[in-house]
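# Architecture and fold: a report
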Amino acid sequence: QEPAAAPPEEPAWSYGYGKFNEASGQVEQFTPLPHWTGYAWQGGTNLPDAKLGWVILNADGGHVGNDQNHAAIRRWRAPSDGLVSITGELNHPSDKGDGVRARIVSSRTGSLGEWTAKNCKIPVNLDRVEIKRGDHLDFVVDCRQTVEFDSFHWSPIIKMSSGASRPSGDEAREWSAKADFSGPQKAPEKRPLTGWEKYALVLLLANELMFVD
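These numbers come from a predicted model, not from an experiment.

Turning our eyes to something else, we now look at the environment of Trp115. Mapped onto the secondary structure, Trp115 falls in strand β11 (residues 110-117). For the pair Trp115 and Arg101, spaced 14 residues apart in sequence, the C-alpha to C-alpha distance is 5.7 Å. Excluding its chain neighbours within four sequence positions, the residues that come into contact with Trp115 are Leu90, Val100, Arg101, Ala102, Arg103, Ile104, Ile122, Pro123, Val124, Asn125 and Leu126.

Right under this line is the structure:
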């Protein structure tokens, strides 16, 4: 008899918007972006969206939302306990506007760092970040004071140290926001019934079983 199929694993990355709470150091009200264009996540078919404004996330970066309640957030879920390093570059290419602010926030320990870019590129790197399975790391970008000219590039890479534990058979040691970027997850295909499962189904549908008292 074939073993039952394992439930599909939750994707490592998710894409949404929310607010960074300065007092608690945590992300509040993370909400997945509802519309997939084929290459980006955003609020709706048109930009700006009537409800969510300019917030958008794509493989390279995106655009911040109109206010602090609509920061663009790329969320990564830790599959196991361990230590990770984070590398990347925040780029605000426009010579207009007041730039963008980026934060990396742990769901367990709070803010891990803050960076601001205005018409420049800056490195965004962290070493030896402790994670527990199920933790989230949020890569948050907001508009500072104004939302004009706030397109940005930031596609972090997360690497788990070689000594960190991981589930048996899990070969993933690196997660790239750019390479891993994806649209809606497809529903898993149903596997065919085994012989014993087909036999049990036939018995359950038989007249004799329908009238058992």
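Attention shifts here to the sheet that holds strand β16 (residues 157-160). With antiparallel pairing, the four strands of this open sheet are ordered in space as β13-β8-β16-β17. Looking at which strands have only one partner, the edges of the open sheet turn out to be β13 (126-131) and β17 (174-176). Going from strand to strand, the sheet's axes swing by 25° on average, the running direction of each strand aside. Direction of pairing for strand β8 (residues 82-87) relative to β13: antiparallel, over a ladder of four bridges. Looking at β13, one finds that Gly82 is bridged to Ile131.

Quick notes on the rules
The residue numbering used here restarts from 1 in each chain and proceeds along that chain's sequence as written. The model is predicted, so local features are restricted to residues of pLDDT at least 70 and side-chain atom pairs to those at 80 or more, both for listing and for counting; the totals for chains, interfaces and linings are taken over all residues. Computation of side-chain values: all heavy atoms of the structure, hydrogens and water removed. A run of H or I in DSSP becomes a helix once it reaches four residues, and a run of E becomes a strand once it reaches two; helices and strands are each numbered from the N terminus. A contact between two residues is defined here by any heavy atoms of the two lying within 4.5 Å. For two strands to count as paired, DSSP must find a minimum of two bridges between them. For every element, the axis is a line fit to its C-alpha atoms; helices are fit only across the contacting stretch, and the angle between N-to-C directions ranges from 0 to 180 degrees.

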